[in-house]
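The residues making up each chain are set out below.
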Amino acid sequence: MLIQRKSELTYADVTPKDLYFNRRKFLKSMGLAGAAAFAGKNLLDLLSPSQKVYAGAKFSNLIKSPFSTTEKVNSFEDVTHYNNFYEFGIDKDQPAKNAQKFRTSPWAVSVEGEVKTKRKFTMDEILKLAPLEERIYRHRCVEGWSIVVPWIGFSFNVLAKLVEPTPKAQFVAFESYWDLGQMPKARPELAGIEFPYVEGLRMDEAMHPLTLLCVGMYDDNLPNQDGAPVRMVIPWKYGFKGIKSIVKIKFVAKEPPTTWNLANSHEYGFYSNVNPNVDHPRWSQAKERRLGEIFRRNTLMFNGYQDQVASLYTGMDLKKYY
Amino acid sequence: MPSLLANKWTKVPIFLLCLAPLGFLVWRTLTGNLGANPVEFIQHATGDWTLRFLVFTLCITPLRKILKLPELIRFRRMLGLFAFFYACLHFLTYLGPDQSFDLKAIWKDVAKRPFVTVGFTAFVLLIPLALTSTAGWIRRLGGRRWQMLHRAIYISAICGVIHYYWLVKSAVLRPLTYGAIVAALLLWRLGDWFIRRGRTITAAPKTQRAPVNT
């Protein structure tokens, strides 16, 4: 059965929460699990329904963004239980377990550097900076898997314009929260990367309307494991560029250091745009596995956002600036 | 203990135990507990078990000598074949879901990506070992040549560890742990060989004095 997405539906409307969370029990009791195994491809659909079922529905009246894709959204379960957040462990199922008690309130983001008005934003202030939008973006991990996520937030440029960057500001540097007390696994010797996690964007990339300051997903706040309470989402770049749990934003004159580039500059560049023609030195980037699918599909240039962002890189050798 | 190891029925529970990882995967598949990326889950699990069974196989000889339990040899072939079995499953996940059985693309991938090349090498090296694992083949090749051939498992295990090491993004602790274990097992063999060689050299003059070819 195909459930067509309609704009007036909320995630809560699709499948009752109880039924959803007990779906495996339900399936088993129906004796379907065994039968489903013979149904091949449908097995995955049956066991991880793609319906959006987050019933919290904290945010209502979200603006539906024209940037949203109409592709099938991945299930909340998959998106929140398969992701990288090295502060909470290196396996993709660990953040969901280890970030449960992460305290995200009170929270403040310090904005500094080459701006006219340096200031701190509390989370409440950030949430009121602009009307919140739902943006359904493709998300492509450098490891070769991808998901479709209904993020919530607004263009980062809203915040940037508010603090008035000076002409000296050519880049934006971001920094994640880091606290060994709350993140005992966030050690370089365990994770193989330095902490705190840092990321950066060129000014024009940061000001691009697609670049999202993200405060939620699936109609609710960001779950802890997905970078609560506030993170970046840059849909045409590999997922690791979308820094999580941001505490500092600094407008700077020079290209800032970025965590994966520091860990291995040969493999992870500053730009890290999704590009099927530029392979990771150790594996191909031509294809990706969309969660919920068995075979790999072709990766799109700039993750399918070529029309919007290709002009940012005119004349640049994307093999050199990977 | 030795009598238990020599008992012909002991192989049955060991065999079933070796199948447990597969059973676990099948059970998780049927109950939908493979996580968000089932293909990757199966791929990683079968890869891990290949390496583990290679390590188990390499443990037999040192354990036989250290614990003075020569009967352990009875289980070596089974463990080695299970390593090959899990390697086949691992390879299948690569052929199918990863490469859609596109032989041209696979060949290009094997040639181009060092981590695939070493993984493929590790797998291919196991094929002749699995084929010649029968008593008939030991006879046909002769013990000495058979043993020489089967030392290829050392290279296969080393390639397997490198394959894992080159695959991970930054967290090298786990592949390095396998590396340390394989290194220890191979170094023990090297030490053992030196000791035995020392003994043969000191023992040699006696045998040389004996009349030969007369």
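Keep in mind that what you see is a predicted model, and the values were worked out from it rather than measured. (Residues numbered from 1 in each chain as written. Chains lettered and ligands numbered in written order. Predicted model: local features only at pLDDT ≥ 70, side-chain atom pairs only at ≥ 80, totals over all residues.)

(A) Inspection of the interface of chain B and chain A at higher detail. With 20 residues of chain B at the interface, the matching set in chain A holds 26 residues. For the side of chain B that touches chain A, the elements supplying multiple residues, two or more each, are α2 (11-30), α3 (38-66) and α4 (76-98) of chain B. Partitioned by chemical class, the residues of the side of chain B that touches chain A number nine nonpolar, seven polar and four charged. (Contact = placed C-beta atoms within 7 Å. Helix = DSSP H or I, 4+ residues; strand = E, 2+ residues; numbered from the N terminus. Nonpolar A, V, L, I, M, F, W, Y, C, P; charged D, E, K, R; others polar.)

(B) A look at the sheet that holds strand β3 (residues 119-122) of chain A. Residue and element names in this part refer to chain A. Taken in spatial order, the five strands line up as β3-β2-β11-β6-β7 in an open sheet, and their pairing is mixed. Looking at which strands have only one partner, the edges of the open sheet turn out to be β3 and β7 (198-202). Each neighbouring strand pair of the sheet contributes to a mean axis angle of 20°, computed without reference to strand direction. Relative to β3, strand β2 (residues 108-113) runs antiparallel, the two being bridged by four bridges. The partner of S110 across the bridge, within β3, is K120. (Pairing = 2+ DSSP bridges. Axes fitted to C-alpha atoms, helices over the stretch in contact; angles between N-to-C directions.)

(C) The nonpolar core, seen in detail. The biggest cluster of nonpolar side chains holds 68 residues, and the ones touching the most others in it are A:W151, A:V172, A:F174, A:L213, A:C214 and A:M232. Per-element accounting of this core gives the leading share, seven residues, to strand β5 (residues 145-155) of chain A. Beyond its immediate stretch of four places on either side in the chain, A:C214 contacts A:W151, A:I152, A:G153, A:L222, A:V230, A:R231, A:M232 and A:V233. Ranked by size, the runner-up nonpolar core spans 29 residues in total, among them B:C18, B:A83, B:L126 and B:Y164. (Core = buried A, V, L, I, M, F, W, Y, C linked by C-beta atoms within 7 Å. Buried ≥ 20, exposed ≤ 12 C-beta atoms within 10 Å, placed from the backbone.)

(D) Representation of unusual backbone geometry in the model. All names here are of chain A. P196 follows F195 through a cis peptide bond whose omega is -5°. For P196, the location among the structural elements is in the loop between α9 (188-191) and β7. For the peptide bond that leads from A228 to P229, omega is -5°, which places it in the cis range. Looking at where P229 falls in the secondary structure, it is placed in the loop between β9 (220-221) and β10 (231-233). The backbone phi angle of E164 is positive, close to 55°, even though this residue is not glycine. With respect to the element layout, E164 can be found in the loop between α8 (156-163) and β6 (171-176). In the Ramachandran plot, N303 falls in the positive-phi region, its phi being about 55° despite a non-glycine side chain. Among the secondary structure elements, N303 is positioned in the loop between β13 (297-298) and α12 (306-309). Residue N303 is classed as buried on the basis of its C-beta count, with 24 C-beta atoms lying within 10 Å.

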